[in-house]
Amino acid sequence: MNFGFNTAVRSLMASQRGIYIAGHNMSNTKTPGYSRQVGYQRATTPFYLSGTGYLGTGVEVYNVERVRNSYVDFKYWNESAPLGEWQIKRENLYEIEKLFGEPSKSSFRQYLDDFYSSLDHMSQKSEDPSYREPVRENALAFTKHINESAIRLQNLRRDAESSIDGKVKNINALASEIAVLNKQIYSSEVGGRTANDLRDRRDVLLDKLSKIANIKVDEFDDGKTRVSISGISLVEHDYTSEIKVVKDGTGLDKTIKLEWGNESDVKLRSGELKGLIELYNEDGEGGGYRGIPYYQKKLDEFAKGFADKFNEQHRQGKRLGGADGGDFFTYDGANGIAASLTLDDAILDDLRNIAAGGPDGTGAHDDNRNLLALIAQREDREFFGGVGISQGTPDDFLKAIISNLAVDSLQGIRMSDSQDIMLKNVQFKRDSISSVNSDEEMTDIVSYQHIYIASARMVTTIDTIMDVTINRLGLVGR
């Protein structure tokens, strides 16, 4: 009787644990990173009865494990880093696109059109101050737009620097949390059981880390885990290696790199950090990535080239009253040429100093010859020249910058979209394996409930048999 009773009790306990596991799954349906858990059952050791043979003794739940595929996790972490890199690049290039504003009424081309239109209008009556005033105002608007664009690029690069600092702090914090979890998991699994919920928490941290930098996760037979970046250990079980930010230089020449504690370079192959560092450091030289410094340098080249060429022609003319023309634009290269470009004080103080006449001692000071030469410069295909500088007219120079930006931006969109599709496919596969299905869990709960009820009836039946056997047998004939 005890033999049958123990079998029923084991069945009760197994079904009860099955209901607990299904309930735990149901309660974590919306928990980020949670993996469905399964209770594994097996038949207990059978009992040998002489003349009958081996008789089963029931069931036991010998382990509870999460449903997870390590290869799918590896694929997810491998695809997450490139997505992070190209998303960062895409977002920053979008900001640069808005800055240049092509095509729109606030674009460089529009300000340039307005400036040359005012010069053309001035040629109708160059001695009249009311015709000269729009030239000065449109020139100021043009230089202020260049100033603001240069400052916004500086701010964008400064934001990238802050983001790099923040990402590095995040990496070090995540590494420390993973190391703590590694120690807890190792201690919990010494007895051979799986620390399911702790492993889920660690995998959530690894998911976050994999987007910031390219990581590789290795779990060894002794239960210890290593997380590395390009072959160098970031987390070695419960020990972490700290990453630090190293900055060198000033202004456009300032660079950022990452180092380990032993001062060796951190070599990133992908991830948000790699995208941010390339945006901050790279200027397109030697076939490198065209980051923010590239567009800063191009804007400086445009501002300097335009100002120098315009000034060169303006100095050849005559001001009202017959004095030689001077500089029209001025700049200070200390804080960036584009950021400091403005009108010469003489032009700001007196409209008569716009040198429309000439050029250079020939003709009258109000004959517009120099003004017409200034207007004609816009179509001069040798306006810009020099090694490493885009050739052609001012419009050609701007078109070259916008074309490069369009190519870079399109590459960012295509790469991020492509990686997003790949990661979503991996995530879909991961969810199909590990996510909780409410319908399946409810089915399990109902199934275990029926087993529990049947086992309880078995206990009742055995209790009745024992009552009859002990208390009622032998009463007949007394």
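Since the model is a prediction, treat every value here as computed from it, not as a measurement.

Topic: the overall build of the protein chain
Part 1 of the argument: In terms of regular secondary structure, the protein chain is built from twelve helices and twelve strands.
Part 2 of the argument: Taking contacts inside the protein chain between residues at least 6 apart in sequence as the whole, the part at least 24 apart equals 65%.
Part 3 of the argument: Surface summary for the protein chain: the accessible area is close to 24,600 Å², and the carbon and sulfur share equals 50%.
Part 4 of the argument: For the protein chain, the distance from the average site of its 59 positive side-chain charges to the average site of its 72 negative ones is 7 Å.

Concerning the pattern of salt bridges
Part 1 of the argument: Considering all chains together, one arrives at 38 salt bridges under this definition.
Part 2 of the argument: As a salt-bridge pair, Asp-203 and Arg-66 come within 2.9 Å of each other at their nearest N and O atoms. Highlighted residues: Asp-203 in helix H5 (residues 196–212) and Arg-66 in strand S4 (residues 59–66), separated in sequence by 137 residues.
Part 3 of the argument: What makes Asp-203 buried here is its relative accessible area of 4%.
Part 4 of the argument: The shortest N-O distance in the salt bridge between Asp-420 and Lys-424 comes to 3.2 Å. Of this pair, Asp-420 and Lys-424 are both found in helix H11 (residues 394–434), four residues apart, which corresponds to roughly one turn of the helix.
Part 5 of the argument: Since its relative accessible area comes to 53%, Lys-424 is described here as exposed.
Part 6 of the argument: Beyond isolated ion pairs, a larger network of salt bridges with shared partners links Arg-66, Arg-68, Asp-73, Asp-200, Asp-203, Asp-207 and Arg-430.

Focus: the packing of helix H7 (residues 292–314) against H11
Part 1 of the argument: One can describe the packing of H7 onto H11 by two numbers: an axis separation of 11 Å at closest approach and a directional angle of 175°. By the criterion of interaxial angle, the relationship of H7 to H11 is roughly antiparallel. Contact with H7, carried on its side by Tyr-294, Tyr-295, Lys-298, Glu-301, Phe-302 and Phe-306, involves Pro-394, Phe-397, Leu-398, Ile-401, Asn-404, Leu-405 and Asp-408 of H11 and no other residues of that element.
Part 2 of the argument: Broken down by class, the residue content of the contact of H7 with H11 amounts to nine nonpolar, one polar and three charged.

Some thoughts on a nonpolar patch on the surface
Part 1 of the argument: Together, Phe-5, Val-9 and Met-13 make up a nonpolar patch on the protein surface, roughly 210 Å² of accessible area in all.
Part 2 of the argument: With respect to the secondary-structure elements, Val-9 resides in helix H1 (residues 2–27).
Part 3 of the argument: Given the relative accessible area of 30%, Val-9 is considered partly exposed.

Focus: the pairing of strand S9 (residues 243–248)
Part 1 of the argument: Note that S9 and strand S10 (residues 255–260) share six bridges and pair antiparallel. Counterpart to Val-245 in the pairing with S10 is Leu-258.
Part 2 of the argument: A loop of six residues connects S9 with S10, the two strands running antiparallel in sequence, and Gly-249 in this loop sits at a positive phi of about 90°.

Focus on the side chain of Ser-123
Part 1 of the argument: Its place among the elements puts Ser-123 in the loop between helix H3 (108–122) and helix H4 (129–188).
Part 2 of the argument: Beyond its immediate chain neighbours, meaning those up to four positions away, Ser-123 contacts Asn-368, Leu-371, Leu-372 and Ile-375.

Digging into unusual backbone geometry
Part 1 of the argument: One non-glycine residue, Ser-230, adopts positive backbone phi at about 50°.
Part 2 of the argument: By the element assignment, Ser-230 lies in the loop between strand S6 (225–229) and strand S7 (232–236).
Part 3 of the argument: On the basis of relative accessible area, Ser-230 is assigned to the partly exposed category, the value being 24%.
Part 4 of the argument: One non-glycine residue, Glu-263, lies in the positive phi region at around 70°.
Part 5 of the argument: Relative to the assigned elements, Glu-263 resides in the loop between S10 and helix H6 (272–281).
Part 6 of the argument: Glu-263 gets classed as exposed once you look at its relative accessible area, which sits at 56%.

Regarding the packing of H7 against helix H10 (residues 369–376)
Part 1 of the argument: With their axes 9 Å apart at the nearest point, H7 and H10 run at an angle of 160° to one another. With respect to each other, H7 and H10 are oriented roughly antiparallel. Considering the relative orientation of H7 and H10, their crossing is right-handed. Here Phe-310, Gln-313 and His-314 of H7 lie close against H10, whose contacting residues are Asn-370, Ala-373 and Leu-374.
Part 2 of the argument: Taken together, the residues of the contact of H7 with H10 break down into three nonpolar, three polar and no charged.

Topic: the nonpolar core
Part 1 of the argument: Membership of the largest hydrophobic core comes to 87 residues, with the highest contact counts inside it found for Phe-115, Phe-306 and Phe-328.
Part 2 of the argument: When residues in this core are grouped by element, the largest group, 18 residues, is from H4.
Part 3 of the argument: Not counting residues within four places of it along the chain, the set of residues in contact with Phe-115 comprises Val-135, Asn-138, Ala-139, Phe-306, Phe-310, Phe-328 and Phe-329.

Some remarks on the side chain of Gln-37
Part 1 of the argument: Its place among the elements puts Gln-37 in strand S1 (residues 37–43).
Part 2 of the argument: Of the polar contacts made by the side chain of Gln-37, one reaches the side chain of Asp-197; its length is 3.0 Å.
Part 3 of the argument: With residues up to four places along the chain from it excluded, the contact list for Gln-37 reads Ile-21, His-24, Asn-25, Val-64, Glu-65, Arg-66, Asn-196 and Asp-197.

Description of the environment of Leu-410
Part 1 of the argument: Among the structural elements, Leu-410 can be located in helix H11.
Part 2 of the argument: Judged by relative accessible area, Leu-410 falls into the partly exposed class, the value being 38%.
Part 3 of the argument: Expressed as a C-alpha distance, the spacing of Leu-410 and Gly-249, which sit 161 residues apart in the sequence, is 31 Å.

Some points on the packing of aromatic side chains
Part 1 of the argument: Taken as a whole and judged by the stated rule, the model has 24 aromatic pairs.
Part 2 of the argument: Judged by centre distance (6.4 Å) and plane angle (90°), the rings of Tyr-116 and Phe-306 are edge-to-face. Of this pair, Tyr-116 sits in helix H3 while Phe-306 is found in helix H7, placing the two residues 190 residues apart along the sequence. For the pair Tyr-116 and Phe-306, a shared accessibility class is recorded, and that class is buried.

Looking at the pairing of S7
Part 1 of the argument: Looking at chain direction, S6 and S7 are connected through four bridges and run antiparallel. Residue Arg-226 lies in a different strand from S7, and its bridge partner there is Glu-236.
Part 2 of the argument: Remark: two residues form the turn of the hairpin made by S6 and S7, two consecutive strands paired antiparallel; Ser-230 in that turn has positive phi of roughly 50°.
Part 3 of the argument: In the sheet, S7 pairs with strand S8 (residues 239–240) via two bridges, with the strands oriented antiparallel. If you follow Glu-236 over to S8, its bridge partner there is Tyr-239.
Part 4 of the argument: Between S7 and S8, which pair antiparallel and follow one another directly, the connecting turn spans two residues, one of which, His-237, has a positive phi of 60°.

What counts and how
- Residues numbered from 1 in each chain as written.
- Predicted model: local features only at pLDDT ≥ 70, side-chain atom pairs only at ≥ 80, totals over all residues.
- Heavy atoms only, no water.
- Helix = DSSP H or I, 4+ residues; strand = E, 2+ residues; numbered from the N terminus.
- Contact = heavy atoms within 4.5 Å.
- Areas by Shrake-Rupley, 256 points an atom, 1.4 Å probe, with all protein chains shown as cover.
- Lys, Arg positive; Asp, Glu negative; His and termini not counted.
- Charge placed at Lys NZ, Arg CZ, Asp CG, Glu CD.
- Salt bridge = Lys/Arg side-chain N within 4 Å of Asp/Glu carboxyl O.
- Buried < 20%, exposed > 50% of the residue type's maximum accessible area, 1.4 Å probe, protein only.
- Axes fitted to C-alpha atoms, helices over the stretch in contact; angles between N-to-C directions.
- Parallel < 35°, antiparallel > 145°, perpendicular 65-115°, else oblique.
- Nonpolar A, V, L, I, M, F, W, Y, C, P; charged D, E, K, R; others polar.
- Patch = residues over 30% accessible without salt bridge, like charges linked within 9 Å, V, L, I, M, F, W, Y side chains within 5 Å.
- Pairing = 2+ DSSP bridges.
- Left-handed = near helix turned anticlockwise from the far one by under 90°.
- Core = buried A, V, L, I, M, F, W, Y, C linked by side-chain atoms within 4.5 Å.
- Polar contact = N/O pair within 3.5 Å; in protein donor to acceptor, adjacent residues only side chain to side chain.
- Phe/Tyr/Trp six-rings, centres within 6.5 Å; stacked < 30°, edge-to-face > 60°.

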